[in-house]
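# Analysis of the macromolecular model
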Amino acid sequence: MQKLEVLSSGPLAGDVRISGAKNAALPILFASLLCPEPVTIRNVPRLQDIATTIKLLNGFGADVEHHDDVVTVNLPTIASHVAPYELVRTMRASILALGPMLARQGEAKVSLPGGCAIGARPVNLHLHGLEQMGADISVTEGYINAKVDGRLKGTTIVMDMVSVTGTENLMAAAVLAEGTTIIENAAREPEVVDLALFLNALGAKISGAGTDHLVIEGVEALHGGEYQVQPDRIETGTFLVAAAVTGGKVRCTHTDPRLLEAVLAKLKEAGAAIDFGDDWIEIDQRDRPLTSVDITTAPYPAFPTDMQAQFTVLNAVAEGAATITENIFENRFMHVPELQRMGASIELKGNTAFCKGSAELSGATVMATDLRASACLVIAGLVAAGKTKVDRIYHLDRGYEHIEDKLQGLGATVRRINESM
Ligand SMILES: CC(=O)N[C@H]1[C@@H](OP(=O)(O)OP(=O)(O)OC[C@H]2O[C@@H](n3ccc(=O)[nH]c3=O)[C@H](O)[C@@H]2O)O[C@H](CO)[C@@H](O)[C@@H]1O
Ligand SMILES: C=C(OP(=O)(O)O)C(=O)O
């Protein structure tokens, strides 16, 4: 079993190149299913989730090439409309195959992704929206079976809750629907905007992306094209927090400060000096006190749940007391017991973590439970006295490209080890 061994590392320093966004690349790759002509996607990160997606696309009959950060998908005819449990169970985002496959093929069979560490994560909004567009949907033996006679039909969908992949699935399906689809209470996340821009580059007619009101005028077919995935705002935020807690100075390059306003505001509130240009962000925490900050997660443009775990470790070591309230997922505090084992003083009550701050963390063997919890434990290891071993790093590999190389480049002592339990 692979682990990351992290040693107390001192202030991080230097430049780190940010990869393309996992949560934009995944819906874009799945939406390439809509297109019978070749599609070239640039700035795709090398991640386990991307490899899983490519396997799913191969299963549907696609010819996929992946060189460096460029992926080319060619799917002139669909060979299979099934996304099997064996692949889907390793990646919830597989649900994003449903809308595009149904829209193009009139039929889709996708394994239910199931619950995971951070919450139940139902897909009722995805299914309900597709039904409103005329799909006939049943769930049998763990699979979603969706069918439509002819094309999906444009309609108005009011989403009960803000759902990122729910919005993406319905928006992608609506691209090939007959007539106009309106999605109200749509997610405004930058990854939804990236997907809309990608689809429009292939001939889709989507307007309103980035607002909660999307209008999708259906077209008969998409054409091939090229697109560059946006930078990963969560990877960027993770490196900025790592720099902050180690009292370092780090510049994230190939990123976009406009995607991180809520996160940058909280880092400034915590005492960081932040500078930025069009495609870089620099944090300087040298000789500056780090103060804990209250965090409340909510849909974009508010503070992202995917940065909550990283700010929990920041609050554990910063001066002062602060609360962290998680409003998106009901079980996203699995990193807290592990941080407590490293010496953090955090009390959990319902969906709020009360952080006392100023903890002197000590290294321990800790268990990563999900992607961002893993990142939080790696950051904790950078400031903890002695050695931290982070177990179950396959979670980390789902979402962070070459994380140990990037951290080493900033002066951290981190290595991947093979060790049995
Ligand atoms: C691949 C991807 O982009 N993943 C992101 C996406 O996940 P994902 O799209 O799965 O998250 P959602 O935005 O859908 O979830 C928001 C909330 O809505 C609930 N819900 C969602 C759909 C549904 O049909 N019914 C329902 O009740 C969820 O349980 C959750 O409580 O957005 C999350 C919230 O920003 C991020 O943490 C994930 O990193
Ligand atoms: C929760 C995340 O991803 P996923 O939705 O793929 O589980 C994440 O990126 O933090």
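Residues numbered from 1 in each chain as written. Chains lettered and ligands numbered in written order. Predicted model: local features only at pLDDT ≥ 70, side-chain atom pairs only at ≥ 80, totals over all residues.

Going by this rule: UniProt positions are given in the numbering used here, feature names are shortened, and annotations may be inferred rather than shown by experiment.
For the chain, the name recorded in an unreviewed UniProt entry is UDP-N-acetylglucosamine 1-carboxyvinyltransferase, with Neiella marina as its organism. The heading Function (unreviewed entry) in the UniProt record of the chain holds the text "Cell wall formation. Adds enolpyruvyl to UDP-N-acetylglucosamine." The UniProt entry for the chain carries this comment under Sequence similarities (unreviewed entry): "Belongs to the EPSP synthase family. MurA subfamily."

## Points about the overall build of the chain
Selection criterion: Only DSSP runs of H or I reaching four residues or more are called helices, and only runs of E reaching two or more are called strands; each is numbered from the N terminus.
Scanning the chain for helices and strands turns up 14 helices and 24 strands. Referenced to the eigenvectors of the C-alpha coordinate spread, the extents of the chain come out at roughly 65 × 45 × 40 Å.

## Remarks on the site of ligand 1
To keep things clear, this is the line we draw: Using a C-beta atom placed from the backbone, a residue is scored as near a molecule or strand whenever that atom is within 6 Å of it.
The environment of ligand 1 is made up of 21 residues, and the closest members are Asn23, Leu125, Ser163, Val164 and Thr165. Elements represented by at least two residues in the shell around ligand 1 include exactly α1 (22–31), α5 (124–132) and α6 (164–174).

## What to know about the environment of Gly20
Filter applied, for reference: Two residues qualify as being in contact provided that their C-beta atoms, derived from the backbone, are within 7 Å of each other.
Mapped onto the secondary structure, Gly20 falls in the loop between β2 (13–17) and α1. Between the C-alpha atoms of Gly20 and Ala79, which are 59 residues apart in sequence, the distance is 29 Å. Gly20 has contacts with Ala25, Asn43, Val44, Pro45, Asp69, Val229, Pro231 and Asp232, leaving out every residue within four places of it along the chain.

## Some thoughts on α5
This is how the line gets drawn: Residues with at least 20 neighbouring C-beta atoms inside 10 Å of their own are called buried, those with 12 or fewer are called exposed, and the rest are partly exposed, where every C-beta is derived from the backbone.
All buried positions along α5 are accounted for by Leu125, His126, Leu127, Gly129 and Leu130. In this fold, the buried residues of α5 make contact with α4 (98–105), β8 (136–140), β9 (143–147), β10 (156–158) and α6. Just downstream of α5 lies Gly134, where phi reads positive at about 105 degrees.

## Side note on the site of ligand 2
What counts, and what does not: As a working rule, the residues Ala, Val, Leu, Ile, Met, Phe, Trp, Tyr, Cys and Pro are called nonpolar, Asp, Glu, Lys and Arg charged, and the rest polar, with Gly in that last group.
Taken together, Asn23, Arg92, Ala93, Asp306, Leu371, Arg372 and Gly399 make up all the residues around ligand 2. Taken together, the residues that form the shell around ligand 2 break down as two nonpolar, two polar and three charged.

## What to know about unusual backbone geometry
Following Tyr300, the chain continues into Pro301 via a peptide bond in cis, with omega recorded as 15 degrees. Inspection of the secondary structure puts Pro301 in the loop between β18 (295–296) and α10 (308–317). A positive phi angle, close to 55 degrees, is found at His254, a residue other than glycine. Secondary-structure assignment places His254 in the loop between β15 (249–253) and α9 (261–269). Although it is not a glycine, Arg392 adopts a positive phi angle of roughly 60 degrees. Counting through the fold element by element, Arg392 comes out in the loop between β23 (387–391) and α13 (394–399). By C-beta crowding, Arg392 is classed as partly exposed, having 17 other C-beta atoms within 10 Å.

## Let's talk about the pairing of strand β5 (residues 70–74)
Filter applied, for reference: Any two strands between which DSSP finds at least two bridges are classified as paired.
With burial as the criterion, only one face of β5 is covered, namely that bearing Val71 and Val73; the residues Val70, Thr72 and Asn74 on the opposite face remain uncovered. Pairing between strand β3 (residues 39–42) and β5: three bridges, direction antiparallel. Residue Val39 lies in a different strand from β5, and its bridge partner there is Val73. Pairing geometry for strand β4 (residues 63–67) and β5, over five bridges, is antiparallel. Counted as the bridge partner of His67 is Val70 from β5. Linkage of β4 to β5, two consecutive antiparallel strands, is achieved through a turn of two residues, within which Asp68 is found at a positive phi near 50 degrees.

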